[in-house]
Amino acid sequence: MDFKKAEEMLEICEKNGYSISQVMKMRERSQFETTEDEIKNKMQQAWKIMKESAISPTKTAVKSMGGLIGGEAKKLNDHRNAGKSIVGSLMSKAITYSMAVLEVNASMGLIVASPTAGSSGVLPGVMLALQEEYDISDDRIIDGLFNASAIGYLAMQNATVSGAVGGCQAEVGVAAAMAASAATELMGGTPRECTYAASTVLMNMLGLICDPVLGLVEYPCQNRNASGAANALVAAEMSLSGITQMIPLDEMLDCMYNVGRRLPVEFRETAKGGCAITPSACKLCDKCF
Ligand code: SF4
């Protein structure tokens, strides 16, 4: 069993009454000739790592190797715990945990690339926030991760998840599309609604460039993970409300890839454009090198 396009995946789901996570598990089993238990165990291990990386920096600030970030997750956590959040608990937790994972990544800690290290905060951020706010079991979250994997797989199959190839829209954009689709399934959406949510995110993050300051996957990467998580929740909320999208996921992936390949090289991880060449960032360059 296999699929290469979102529409093929949806056809399998809709014909058989399967969720995207079920179809993805079936694909994994058949492609890698393995058992359901084995793939679930691997995903459980990934979820354990995701959770640890999302939680520990909220208690103890983690300074990055490059020194550009560290302590942001704790600040956000303290802010919410003081009852001062202006965005509500779910959104606040999603952005806190997303930024936390980037602290761990930038300090050479253990994270799960989802789909990449630079965008590794979005999916755990959204999943953990939903789990805590809606009391979702680990087993259901694992299903969410399989759903997200299907979207990530489609992006790799038909477009790119590399900032060097397609800009940040391909890294954080795809991570947010994965999280939006997973959130939609976890909260009761249909497979098609999941793909609407993924499409919405790609549309809303279209054209986002990759411009890491000092060439380090720290800043603005960490901020972008927070905004990716927020975008994912916005898109899932829209989909679950019954808002449909005119442009299906397959077309949005093609569109994102086309835009990405046309981005000037300065905006594709070279640190030669965007935030990386602002006067403030350049002052840091002078200091560091
Ligand atoms: S700015 Fe570039 S390096 Fe940073 S998260 Fe986005 S794609 Fe990755």
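Higher on the page you've got the structure.
Residues numbered from 1 in each chain as written. Predicted model: local features only at pLDDT ≥ 70, side-chain atom pairs only at ≥ 80, totals over all residues. Heavy atoms only, no water.

Can you help me understand the overall build of the protein in this one?
Summing up its helical and strand segments, the protein has 13 helices and zero strands in all. Reading the helices (α) and strands (β) of the protein from amino to carboxyl end gives α-α-α-α-α-α-α-α-α-α-α-α-α. Relative to the compact-globule value of 19 Å for 289 residues, the protein shows a C-alpha radius of gyration of 18 Å, a close match. A total of 289 residues make up the protein; the buried ones form 53% of that total. Partitioning the intrachain contacts of the protein with sequence separation of at least 6 by distance along the chain shows that 75% fall at a separation of at least 24. Total accessible area computed for the protein in this model is approximately 12,500 Å², and 55% of it derives from carbon and sulfur atoms. In the protein, 26 positive and 32 negative side-chain charges are present, and the distance between their average locations comes to 6 Å. (Helix = DSSP H or I, 4+ residues; strand = E, 2+ residues; numbered from the N terminus. Rg over C-alpha atoms; globule rule 2.2 N^0.38 Å. Buried < 20%, exposed > 50% of the residue type's maximum accessible area, 1.4 Å probe, protein only. Contact = heavy atoms within 4.5 Å. Areas by Shrake-Rupley, 256 points an atom, 1.4 Å probe, with all protein chains shown as cover. Lys, Arg positive; Asp, Glu negative; His and termini not counted. Charge placed at Lys NZ, Arg CZ, Asp CG, Glu CD.)

So what exactly am I meant to see when it comes to the pattern of salt bridges here?
Once the charged atoms of two side chains with opposite charge are near each other, the side chains can pair. For the coordinates displayed, the defined rule picks out 16 salt bridges. Its salt-bridge partner being Glu-14, residue Arg-192 comes within 2.9 Å of it at the nearest N-O pair. Placement of Arg-192 in helix 10 (residues 191-204) and of Glu-14 in helix 1 (residues 6-16) is noted, with a sequence separation of 178 residues between them. The class of Arg-192 is partly exposed, set by a relative accessible area of 25%. (Salt bridge = Lys/Arg side-chain N within 4 Å of Asp/Glu carboxyl O.)

Quick question: what am I supposed to make of the site of the ligand here?
For the ligand, the full set of nearby residues is Gly-118, Gly-163, Cys-168, Glu-171, Val-172, Cys-210, Asp-211, Cys-221 and Arg-224. Every element with two or more residues in the shell around the ligand is listed here: helix 9 (168-186) and helix 11 (221-240). When residues in the shell around the ligand are grouped by element, the largest group, three residues, is from helix 9. Taken together, the residues of the shell around the ligand sort by class into four nonpolar, two polar and three charged. (Near = heavy atom within 4 Å. Nonpolar A, V, L, I, M, F, W, Y, C, P; charged D, E, K, R; others polar.)

Just to check I follow, could you spell out the side chain of Thr-184 for this structure?
Note that Thr-184 resides in helix 9. Apart from the residues within four sequence positions on either side, Thr-184 is in contact with Gly-189, Glu-193, Cys-194, Ala-197, Ala-236, Ser-239 and Leu-240.

Explain the nonpolar core here, please?
A general tendency of soluble globular proteins is for nonpolar side chains to be buried together. Core analysis: the biggest nonpolar cluster contains 74 residues, and Phe-3, Leu-123, Val-126 and Met-127 have the highest contact counts within it. Sort the elements by how many residues they give to this core and helix 9 lands first, with 13 residues. Among residues more than four places away in sequence, those in contact with Met-127 are Trp-47, Ile-141, Gly-144, Leu-145, Ala-179, Ala-182, Ala-183 and Leu-186. (Core = buried A, V, L, I, M, F, W, Y, C linked by side-chain atoms within 4.5 Å.)

Explain the packing of helix 2 (residues 20-32) against helix 7 (residues 138-158) to me, please; I cannot follow it from the model alone.
For any two helices packed against each other, the geometry comes down to the angle between their axes and how far apart the axes lie. Between helix 2 and helix 7, the least distance of the axes is 8 Å, while the angle of their chain directions is 70 degrees. On the basis of the axis angle, helix 2 is roughly perpendicular to helix 7. Judged by residue contacts, Ile-20, Ser-21, Met-24, Lys-25 and Arg-27 of helix 2 engage Asp-143, Phe-146, Asn-147, Ser-149, Ala-150 and Tyr-153 from helix 7. Considered class by class, the residues forming the contact of helix 2 with helix 7 number five nonpolar, three polar and three charged. (Axes fitted to C-alpha atoms, helices over the stretch in contact; angles between N-to-C directions. Parallel < 35°, antiparallel > 145°, perpendicular 65-115°, else oblique.)

I would appreciate a short explanation of helix 3 (residues 36-59) in the present structure.
Every α-helix carries 3.6 residues per turn, so stepping three or four residues along brings you back to the same face. Taking 1.5 Å of rise per residue, 24 residues should cover 34 Å, and helix 3 covers 35 Å from first to last C-alpha, within 8% of that figure. Taken residue by residue, helix 3 has Ile-39, Met-43, Ala-46, Trp-47, Ile-49, Met-50, Ser-53, Ala-54, Pro-57 and Thr-58 as its buried positions. (Expected span 1.5 Å × (residues − 1).)

Explanation requested: the state of the cysteines in the structure shown.
When the sulfur atoms of two cysteines share a covalent bond, that bond is a disulfide. Taken as a whole and judged by the stated rule, the model has zero disulfides. Summary of cysteine pairing: Cys-285 is not part of a disulfide, and the nearest cysteine sulfur, belonging to Cys-282, is at 5.3 Å. (Disulfide = S-S within 2.5 Å.)

I would appreciate a short explanation of a nonpolar patch on the surface in the present structure.
Together, Tyr-134, Met-187 and Leu-240 line one region of the surface with nonpolar side chains, adding up to about 260 Å² of accessible area. By the secondary structure assignment, Tyr-134 is in helix 6 (residues 122-134). On the basis of relative accessible area, Tyr-134 is assigned to the partly exposed category, the value being 46%. (Patch = residues over 30% accessible without salt bridge, like charges linked within 9 Å, V, L, I, M, F, W, Y side chains within 5 Å.)

Mind showing me how you'd approach the environment of Pro-264 here?
Note on placement: Pro-264 falls in the loop between helix 12 (249-262) and helix 13 (279-288). Using a relative accessible area of 38% as the deciding quantity, one classes Pro-264 as partly exposed.

Honestly, the packing of aromatic side chains in this entry has me stumped. Any pointers?
Given two aromatic rings, their pairing is described by the distance between the two centres and the angle made by the two planes. In this structure the tally under the stated criterion is one aromatic pair. Judged by centre distance (5.4 Å) and plane angle (85 degrees), the rings of Phe-3 and Tyr-153 are edge-to-face. Highlighted residues: Phe-3 in the segment before helix 1 and Tyr-153 in helix 7, separated in sequence by 150 residues. Here the two residues Phe-3 and Tyr-153 agree in accessibility, since each one is buried. Just above the ring of Tyr-153 sits the side chain of Arg-27; from NZ or CZ to the centre is 3.9 Å. (Phe/Tyr/Trp six-rings, centres within 6.5 Å; stacked < 30°, edge-to-face > 60°. Lys NZ or Arg CZ within 6 Å of the ring centre and 35° of its normal.)

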